[in-house]
Amino acid sequence: MTAVAFRMNIANDFKELGTTYWQKLVREGVPKNEARTIATAIAKLELFAKQPSSEQKQLISEFSRFICRAQLWRSDLLI
């Protein structure tokens, strides 16, 4: 696999994960804009081991019960 193909696969994985997580969060009652921010943070954590920003951490904390209900909680989300 070429480097370009690898990056495209990662980009597709990120988009798919983010969309799936966003849908789950919205179904649980998280407002759409906040759900997108949280879904992005969780997908980046999973794919790139990138910790959430302070804004994302605040939203994760605020909507933690919805994240748990959507079965998206990750133990290192707030580290």
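Keep in mind that this is a model prediction, so the values were computed, not measured.

Each value, and the rule that gives it
- Residues numbered from 1 in each chain as written.
- Predicted model: local features only at pLDDT ≥ 70, side-chain atom pairs only at ≥ 80, totals over all residues.
- Heavy atoms only, no water.
- Buried < 20%, exposed > 50% of the residue type's maximum accessible area, 1.4 Å probe, protein only.
- Helix = DSSP H or I, 4+ residues; strand = E, 2+ residues; numbered from the N terminus.
- Arc of directions from axis to C-beta.
- Core = buried A, V, L, I, M, F, W, Y, C linked by side-chain atoms within 4.5 Å.

Colleague: Which parts of the structure should I look at to understand helix α3 (residues 54–62)?
Modeller: Residues separated by three or four positions in an α-helix point in the same direction, a consequence of the helix having 3.6 residues per turn. Residues of α3 that are buried include every one of Gln56, Leu59 and Ile60, and no others. Seen along its axis, α3 keeps its buried residues to an arc of 100°; they face one direction.

Colleague: So what exactly am I meant to see when it comes to the nonpolar core here?
Modeller: Side chains that are nonpolar tend, in soluble globular proteins, to be buried together. Residues Leu25, Val30, Ile38, Ile42, Ile67 and Leu72 are the most contacted members of the largest nonpolar core, which totals 18 residues. When residues of this core are traced back to their parent elements, those giving at least two are α1 (3–28), α2 (32–48), α3 and α4 (64–69). Ranked by the residues each element gives to this core, the list is headed by α2, at six residues.

Colleague: How do you make sense of unusual backbone geometry when you look at a structure like this?
Modeller: Negative phi values dominate among residues other than glycine, just as trans dominates among peptide bonds. The backbone of Ala49 shows a phi angle near 55°, a positive value even though the residue is not glycine. Checked against the element boundaries, Ala49 lands in the loop between α2 and α3. For Gln71, which is not glycine, the phi dihedral falls at a positive 60°. Secondary-structure assignment places Gln71 in the segment after α4.

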